[in-house]
Every structure is written in C-alpha cells, then in structure tokens.
Amino acid sequence: MITRLWYPTQLFSQSTCALLAGVALVGLSGCSSSAVTPTTYMLPSSAPTQHYQQQVAITVSPVRISGHLDTDGIVMQLNDIEVYQARQHLWAEGINQQLQQQLQQRLALNLPQSQVVSKGQPLQAELPVRDVRVQVTRFQGLTVGDALLTGQWQLLNGSGQLLNQQTFNIITPLDKDGYPALVRALGQGWEQLADDIALHIAQE
C-alpha cells in the first residue's frame, strides 16, 4: 500500500479541515513558535450483555497485525490502494497491545467462570484449555464514515488442535466526524468480535 501524508477531509467537518490546513501552512512557513501536541487515544471498553457459565482456561496469544497498522498513527484507508497514517492522532500505546488487553478483558467478562490469561501464563489445573489466536489485517477508518476491521481468528485446544477458525469483516458507522468517533467505532467493532469468540467458546 502507498502511504500519503495528507488530511483525509471526509473524516472531518469543514471547520476542522480549515483549522488543520491553517496549522499545516504555519508549520511549513516556519512561523510557528511551538509544535502542535499530538492527541493520543486508548480503545474504549464497555460491559457485555451476554455471560456464559463455561469453565475453561483461556489463553490469548499476542494479536498479530498487518505491517501498515504497526504504527503510532491511527490509520485511514483512502481508497483501494492508499492509506494515511495520522501524525497528530496517535495510539497511546501499541495498538496490538491494546487489542490483546481488550480481548482478554472482554472474554473474562463474557465468561466469568473461566480463567483468561495471556499465552504462557500459569493455568488452573483440570480445566479444559482453549487458545485464542487473532490476526488483524485491517483496523482503520474509511473516508465514507465507517470503521473497518478484518482478519481471522482461531480457537485451539490444549494440544494445539484446531477447533474453530473464522474470518471477520466488521464495518461500524461513525456517529460523528473526527478521530474520537473513529476510535470509539473501532473499539465497538473489536468488542463485537470478542463477543463472537466468547460465544463460540461457550458453544464448544
């Protein structure tokens, strides 16, 4: 993919775009007395509505992300081949780390009788083991006003045998312009994925 460093106007209102353009011009002219401080974001979290009584030990492997997502900047997909990596709207910590933490927390809330830990942590004895692996290929905004999540997840047993494998393509509309709304929509989509994984674990 080609990375172009410009502000995708369709994500913002006209007034915001004008402000961004003004900031860019000041920076290029060398007249700015101080650098613009980037805004940083954490994925939001909410309480799930479904709870399951299965008792299993769940290990969550590190979430794998595509190379274009391995950046501090929030990603916008401009068209079928171009993406934009924001320079003033950044993840507060690595997005792969945030995704894993949120996935573990959500699974623990969905499955309160189960043990949910990171891969490699000690497990309770005599509980069936389930290993969750997720690969994320898209985790970005679209200029039409949606958040897009795509990828694949796998569920394995304690012996490494594949029990389930699903691809996902989740599109969540933004409720308003701007990066805060995009982050919230991305978080909502990730929670939807975690809820789906919890359901499949409960049905095993």
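Residues numbered from 1 in each chain as written. Predicted model: local features only at pLDDT ≥ 70, side-chain atom pairs only at ≥ 80, totals over all residues. Heavy atoms only, no water.

Trainee: So what exactly am I meant to see when it comes to the packing of aromatic side chains here?
Mentor: For any two aromatic rings, the description comes down to two numbers: the centre-to-centre distance and the angle of the planes. Here the structure, examined in full by the defined rule, presents two aromatic pairs. Seen in terms of ring centroids, tryptophan 91 and phenylalanine 139 are 6.2 Å apart; in terms of plane orientation they differ by 40°. Their pairing is tilted. A residue pair is termed long-range when its members are at least 10 positions apart, and tryptophan 91 in strand β6 (residues 82–91) and phenylalanine 139 in strand β8 (residues 129–142) qualify at 48 residues. Considering the side-chain rings of phenylalanine 139 and tryptophan 190, the 6.4 Å spacing of their centres and the 90° angle between planes classify their relative orientation as edge-to-face. Here tryptophan 190 lies in helix α3 (residues 179–203) and phenylalanine 139 lies in strand β8, a separation of 51 residues in the sequence. With respect to class, phenylalanine 139 is no different from tryptophan 190; both count as buried. One aromatic cluster in this structure is built from Trp91, Phe139 and Trp190. (Phe/Tyr/Trp six-rings, centres within 6.5 Å; stacked < 30°, edge-to-face > 60°. Helix = DSSP H or I, 4+ residues; strand = E, 2+ residues; numbered from the N terminus. Buried < 20%, exposed > 50% of the residue type's maximum accessible area, 1.4 Å probe, protein only.)

Trainee: Help me out: how do you make sense of unusual backbone geometry in this one?
Mentor: Across residues other than glycine, the phi torsion is negative in most instances, and most of the peptide bonds are trans. Backbone geometry at glutamate 126 places phi at a positive 70°, although glycine is not the residue there. With respect to the secondary-structure elements, glutamate 126 resides in the loop between β7 (115–118) and β8.

Trainee: Could you clarify how one ought to interpret the packing of helix α2 (residues 95–110) against α3 in this entry?
Mentor: If you want to describe how two helices pack, look at the angle between their axes and the distance between the axes. For the pair α2 and α3, interaxial distance at closest approach is 9 Å and the crossing angle is 50°. In this view, α2 runs oblique relative to α3, as classed from their interaxial angle. Crossing of α2 over α3 shows right-handed handedness. Contacts from Leu99, Gln102, Leu103, Arg106, Leu107 and Asn110 in α2 reach Trp190, Glu191, Ala194, Asp195, Ile197 and Ala198 in α3. Class assignment for the residues of the contact of α2 with α3 results in seven nonpolar, two polar and three charged. (Axes fitted to C-alpha atoms, helices over the stretch in contact; angles between N-to-C directions. Parallel < 35°, antiparallel > 145°, perpendicular 65-115°, else oblique. Left-handed = near helix turned anticlockwise from the far one by under 90°. Contact = heavy atoms within 4.5 Å. Nonpolar A, V, L, I, M, F, W, Y, C, P; charged D, E, K, R; others polar.)

Trainee: Even after reading the chapter, I still don't get the pairing of β8, so can you show me in this structure?
Mentor: Each regular strand carries side chains that alternate between the two faces of the sheet. Bridging between strand β3 (residues 57–60) and β8 involves four bridges; their strand directions are parallel. Looking across to β8, one finds that alanine 57 is bridged to valine 129. Bridge analysis of strand β4 (residues 64–65) against β8 gives two bridges, and the strand direction is parallel. Across the sheet, the residue bridging to isoleucine 65 is valine 136, located in β8. Sheet analysis places β8 next to strand β9 (residues 146–157), joined by twelve bridges and oriented antiparallel. Its bridge partner lying in β9, glutamine 140 is registered against leucine 148. In sequence, β8 turns back onto β9 through a hairpin of three residues, with glycine 145 there showing a positive phi of about 100°. (Pairing = 2+ DSSP bridges.)

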